[in-house]
Amino acid sequence: MIRNSALILVFIILCQFGLSAQTAHRFISRNFQEAVEKQTRTFKGVPGPDYWQNKANYVIEAAFDPSTAKLNGLASIVYFNNSPDTLDKIVFNLYQDIFREGNSRDWDLGGMDITKGTNIKSLAFNDIKVDLLDKVSNQRQGTKLISKLNNKLLPNDSLRIHIAWEVSIPVKRPIRMGKYNDSTWFIAYWYPQLAVYDDMDGWDMISYNGSVEFYNDFNDYEVNITVPKDYVLWAGAKLLNPADVFNSQIVNRIEEASSGFEIKHIITEDDYKKFKITNQTAKNTWKFASNNVPDFSFGIGLGKQWDMVKLLVDSVSNRTVIINSVYTPENKHFNKVAQFALTSVSYMSYNWPGLAFPYPQVTVFCDDRTGGGMESPMMANNSAPDDEADAFGLTFHEIAHSYFPFYMGTNEKKYAFMDEGWASYLPTGLVDSLYPDHTSLKWIVKKFEENAGYEFDTPPMVLNQLMGANYQSLRLASYTRPSLAYNFLKNAIGVELFKLGLQNYMKVWAGKHPTPNDFFTAMELTAGQDLNWFIRPWFYDFAYPDLALRKVTKDGIIVIENVGGLPLPVELNLLFTDGSKLKIEKDASIWSSGEKSVIIEFTSEVPLQEIDLGSDLIPDSNKKSNKMLFID
Ligand SMILES: [Zn+2]
């Protein structure tokens, strides 16, 4: 989507120094090698000359009845096959088939909300009706519908699809979406969605069992949703017809908030006592549109408050972002969430990752719970945690997902560390500076050292789908370990190079489908270094944080052994017999030679009394060998 020729030139120059060849030092999967042979990918951190991806344009008419929790829809889709392959089938994601009886799930639902699955009422390819009773040609596998094409879809051709469906929205066991109470619904994973067909795997056949989340192409959406009057909708897309659905006072306030840069209350608690918020015909149809986004989700509320603010995110193009917060007075700290979101989007645009927020709007919708959150493009379905720093961090985290994975197009079903790692790490600096008592980075360090090194601590490169329902594995590999890896790599290669590497990767791959190797190579080429000494143990190997003091001599030689195998920063605190102190700090590059032990030297006239290895910002799963006392 974004090409930066100067940047690519930098890559090419670095490649001439032979850096690209060094990627062979880490495992390169056969599907990646084959993609390089097909010239869709390269070993240079950029897409190949024949890179392609498919796209769908959706026009959806949907009606939702909160009294029955049934959603009916008709989608008219044009699917573009930009691949060089002839497709003999179409694969749909039917996410709500997670509730289909007999399907496997990553956790037990206690029999609640079980359905017969998404009811596909009709399907047509190029206006020719599909016989859905033909179960051989239309297979339901997990949460997939696989439909054979009688007329194959040729390369560079498109297919018109009409699909009508009905789905029950979960009311007792919402999983990432559903009914939270009579006035709060969040509707995601709700329409028959083209699965991704890509150059790495062909059709994405990974079923949604609850744990693995997004992998989508970049599509265009026109979605009309009809609901009873008084219900208000907020979507991850632009509302096209505010004057049709809202009272004129609300329309005026939206216009006013859109023209300034201050937080405005669009709907207040008092408004509900004074006038009707929505048009009072029996039903209202809410019309939304979005372009080049990976998904469409929406929140539905009764009696919700709504704050709005506009932010300039790119002073060159003057591009702005509309930020919305939707909540009730009972949702703790939510009267500040518009400000939290404003601070977060500003920080993301100007600091980390330091690229303008990629979408025209974002909405934080409170689902009335007190824990957890769920992302969608331009939407966050968030709880209201008790602690203000947690509320701020959650706001940042779920909005950061609009960059990772939604702007970057990564496959979260395989590599959640490529989005959850960033969404977890990026807020730590800001949250810890705004809430000094919170220490979120120290908390991540603590969680990691407690859990790392057990059998469930699988390397992040193990596909998330294979970790399945093991929550500990998923959590460690997708959130905890990559957060710390990014932090220590930043310190090892320097903040400037690290940020440039991240931005180079983002600029080259945004709107596409980068794999981990594309990211690692982009970082290496920007840094001008082979980083396998770091990348391999942190992302590919079974390894855990454990440094040990092995030897300290009177003449100032300290030997540290890396027992667990992860390259970590080293902090040594030395106390001398006269009470004087010396702190020695080394970043993780001290391990770049790959040696199992390193020597650190110091000089002092005064005898050493005590030496301590480690800090609460460096994980260490075994602290028994981190201290030495010298008593004569
Ligand atoms: Zn997340």
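Every value quoted in this text rests on a predicted model; they were computed, and no experiment measured them.

About the cut-offs
- Residues numbered from 1 in each chain as written.
- Predicted model: local features only at pLDDT ≥ 70, side-chain atom pairs only at ≥ 80, totals over all residues.
- Heavy atoms only, no water.
- Helix = DSSP H or I, 4+ residues; strand = E, 2+ residues; numbered from the N terminus.
- Buried < 20%, exposed > 50% of the residue type's maximum accessible area, 1.4 Å probe, protein only.
- Contact = heavy atoms within 4.5 Å.
- Domains from an automatic or database assignment.
- Buried area = accessible area lost by both parts, 1.4 Å probe.
- Salt bridge = Lys/Arg side-chain N within 4 Å of Asp/Glu carboxyl O.
- Donors = N, O, S within 2.8 Å, 3.2 Å for Na, K, Ca; no water.
- Phe/Tyr/Trp six-rings, centres within 6.5 Å; stacked < 30°, edge-to-face > 60°.
- Lys NZ or Arg CZ within 6 Å of the ring centre and 35° of its normal.

Turning our eyes to something else, we now look at the environment of Met-308. Tracing the backbone shows Met-308 in strand β20 (residues 305-314). Owing to a relative accessible area of 4%, Met-308 belongs among the buried residues under this scheme. Once residues lying within four places of it in the same chain are set aside, the contact partners of Met-308 are Ile-254, Ala-257, Ser-258, Glu-262, Ile-263, Lys-264, Ile-266, Ile-322, Ile-323 and Asn-324.

On to the domain arrangement of the protein, then. Many structure descriptions define interface size as the accessible area lost when the parts assemble. Here the protein is described as being made up of domain 1 (1-51 + 410-544) and domain 2 (547-629). Its C-alpha centre places domain 1 at a distance of 28 Å from the equivalent point of domain 2. Listed per partner, the contact involves 17 residues of domain 1 and 19 residues of domain 2. Approximately 1,600 Å² of surface area, both sides summed, lies buried where domain 1 meets domain 2, with 70% of it carried by carbon and sulfur atoms. When the area that domain 1 buries against domain 2 is broken down by residue, the three leading residues are Glu-449, Trp-533 and Tyr-544, summing to 41%. Along the contact surface separating domain 1 from domain 2 lie two salt bridges.

Inspection of the entire model under this criterion finds 27 salt bridges. Of the charged contacts in the structure, one is a salt bridge between Asp-97 and Arg-140, with a shortest N-O distance of 2.9 Å. On the criterion of sequence distance, the pair formed by Asp-97 in the loop between β3 (87-93) and β4 (119-125) and Arg-140 in strand β6 (residues 138-141) is long-range, its members being 43 residues apart. Residue classification places Arg-140 among the partly exposed positions, given a relative accessible area of 27%. A salt bridge links Asp-368 to Lys-304; the nearest nitrogen and oxygen atoms lie 3.5 Å apart. Highlighted residues: Asp-368 in the loop between β22 (361-366) and β23 (373-376) and Lys-304 in the loop between β19 (298-301) and β20, separated in sequence by 64 residues. Taking relative accessible area as the criterion, Asp-368 reaches 27% and is therefore assigned partly exposed. Within this structure, Arg-41, Asp-199 and Asp-518 form a network of salt bridges that share partners.

To continue, consider unusual backbone geometry. Where the residue is not glycine, phi is negative for most of them; where a peptide bond is considered, it is trans in most cases. Residue Pro-353 is reached from Trp-352 by a cis peptide bond, and omega for that bond is 0°. Along the chain, the position of Pro-353 falls in the loop between α6 (337-350) and β22. In this structure, the amide linkage connecting Phe-404 to the following residue, Pro-405, adopts the cis form with an omega of 15°. With respect to the helices and strands, Pro-405 occurs in helix α8 (residues 402-407). Phi is positive for Ala-69, which is not a glycine, with a value near 65°. Its location among the elements puts Ala-69 in the loop between β1 (55-65) and β2 (70-81).

Time to look at the coordination of the zinc ion. Here the zinc ion is held by the protein donor atoms His-397 (NE2), His-401 (NE2) and Glu-420 (OE), which lie 2.0 to 2.1 Å from it. Linear spacing of the donor residues for the zinc ion on their chain is H-x3-H-x18-E.

Looking at where Phe-80 falls in the secondary structure, it is placed in strand β2. Residues Phe-80 and Asn-57, 23 residues apart in the sequence, show an inter-C-alpha distance of 8.4 Å. Apart from residues no more than four positions distant in its own chain, Phe-80 is found in contact with Asn-54, Lys-55, Asn-57, Asp-157 and Ser-158.

On inspection of all chains with the given rule, the structure shows 53 aromatic pairs. Ring geometry for Phe-448 and Trp-538: centres 5.9 Å apart, planes at 25°, overall stacked. Pair noted here: Phe-448 is in helix α10 (residues 440-451) and Trp-538 is in helix α15 (residues 532-540), with a separation of 90 residues, a long-range link. Accessibility assignment for this pair places Phe-448 and Trp-538 in one class, buried. Looking at Arg-475, its charged tip hangs above the ring of Tyr-479, at a distance of 3.8 Å from the centre. In this arrangement the basic side chain of Lys-499 is found over the ring face of Trp-352, its NZ or CZ atom lying 4.9 Å from the centre.

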